[in-house]
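Below are the chains, spelled out letter by letter.
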Amino acid sequence: MRLSDAEGVVSTRPYDLPMRRGAITRKSVLKVLAEHDELGREAFLTKYGFGEARSYVLVHEGQEYDSKAVAGVAHKWDQGRALTPDEFSGGKDHAAAWLKRVGFEVKAIKNPDWARDEIILACHLVMQNGWKGLDAEDGRVVELSALLQLLPIHAEADRNEKFRNSNGVARKTFDIATRHPEYRGKPTNGGVLDVAVLHEFLARPQEMTEAARLIRQGITTGELQSFAPTEDEEFGDDYSAPEGRLLMRRHRARERNKSLRKKKIASVLQRGGQLACEACGFDFEKIYGDRGAGYIECHHVLPLHVAGEGRTKLSDLALICANCHRMIHRRAPWPTPAELRASIEQKHADDRRAAAALTRPRRAADEQMPNP
Ligand SMILES: [Zn+2]
Ligand SMILES: [Zn+2]
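Here goes a summary of the coordinates provided. (Residues numbered from 1 in each chain as written. Chains lettered and ligands numbered in written order. Predicted model: local features only at pLDDT ≥ 70, side-chain atom pairs only at ≥ 80, totals over all residues.)

Looking at unusual backbone geometry
Going by this rule: Strands are runs of DSSP state E lasting at least 2 residues, helices are runs of H or I lasting at least 4, and numbering of each runs from the N terminus. Any residue with 12 or fewer other C-beta atoms within 10 Å of its own C-beta is exposed, any with 20 or more is buried, and the rest are partly exposed; the C-beta atoms used are placed from the backbone.
Following Ala332, the chain continues into Pro333 via a peptide bond in cis, with omega recorded as -5°. Relative to the helices and strands, Pro333 resides in the loop between α15 (322-330) and α16 (337-368). Backbone geometry places Trp131, a non-glycine residue, at a positive phi of 60°. Mapped onto the secondary structure, Trp131 falls in the loop between α6 (116-128) and α7 (139-150). You will see that Arg164, though not glycine, has its phi angle at about 50°, which is positive. For Arg164, a count of 23 C-beta atoms within 10 Å puts it in the buried group.

See the structure below:
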């Protein structure tokens, strides 16, 4: 029954036309909700092959619906066939966003995973507490809970009413404490990131403490609220900044400060220098001509936990090409431009040696070949 039904719909649409995923209307969503109410939740999900929503529910007239299934099935009315679950995500990139766009309320079922910044703050508290977990009633937990709710990391729409409440924060302190190498017992829970941050604290307590202090201070003063997310965050790349996303945002903002970059470039030119990458020597004008004239990026050489308050000095900025800049930020700890230059040179030397090793024995063998 279900198959022929679906086939009938598909045939009304030329099949080489791509689905326009997400192009759904409010009207079709309402039709889907009506069908859902008529069939009942289980039968509805079974009919279209969807599971129960795991991250978001659609709330309509006091009722909760599996948002991904609803969004997928709405395509039947607007696009000729329902989307299958593997064609899109239920999250804020797809289903939740589409439903919100046509005016529905979408609620997060589960709060977002803890980001590195949040774990840094929790871990710092655990460290101050002699690597022991703290209870939900503890004043320091209550204070941290309030602070975490101010962090500009997770969108309001992804949070529910329990977001980083005292219970959740207390639980996190135990997750961290029970992962300490000297803890004798079973770890309560927690993920890879908890363990990673804990080990960062054990390996470099001063630096991580300073990072925690800077994050706290930046939130209190409102400074860290003003920076836009970096593109590394969009790639889901949290490994470039052990000190967290917020300090990374500030770092990037400082590097991108137009007037500082102009001053830096002017000072280099004034001293008769060239706008070439300090790591690999790349000169944009040499390669791209006019289009590249005057172009170079600036890299702030002070690590996140060092570059605290205070203004950026021109000497904190290094001229760097776009490729080298990416490579520096790709993984922590960041190499200095000089260190990157050394590793480039090392790589060249290794390559030359490998190439020489390949040609040498052949030549030797050639010489040994008897003349015909
Ligand atoms: Zn370069
Ligand atoms: Zn940089």
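Points about the environment of Phe163
Note the cut-off: Placing C-beta atoms from the backbone, we regard two residues as in contact once those atoms come within 7 Å.
Considering the arrangement of structural elements, one finds Phe163 in the loop between α7 and α8 (166-177). With 16 C-beta atoms counted inside 10 Å, the residue Phe163 sits in the partly exposed group. With 14 residues separating them along the chain, Phe163 and Gln149 place their C-alpha atoms 7.3 Å apart. Excluding anything up to four places from it in sequence, Phe163 contacts Asn111 and Gln149.

Brief notes about the nonpolar core
The condition that has to hold: By convention the nonpolar core is taken to be a set of buried residues drawn from Ala, Val, Leu, Ile, Met, Phe, Trp, Tyr and Cys and joined through C-beta atoms within 7 Å. An automatic or database domain assignment supplies the start and end points of every domain.
The biggest cluster of nonpolar side chains holds 34 residues, and the ones touching the most others in it are Ile120, Ala122, Cys123 and Ile215. Mapped by element, the contributors of at least two residues to this core are α6, α7, α8, α9 (192-203), α10 (205-221) and α12 (245-256). Among the elements that take part in this core, α6 stands out by supplying 8 residues, more than any other. Here this core gathers at least three residues from each of two domains, domain 2 (116-226) and domain 3 (240-372). Setting aside its immediate chain neighbours within four residues, Ala122 contacts Leu144, Val169, Lys172, Thr173 and Ile176. Counting 26 residues, the second largest nonpolar core, distinct from the first, contains Ile24, Tyr65, Ala96 and Val106.

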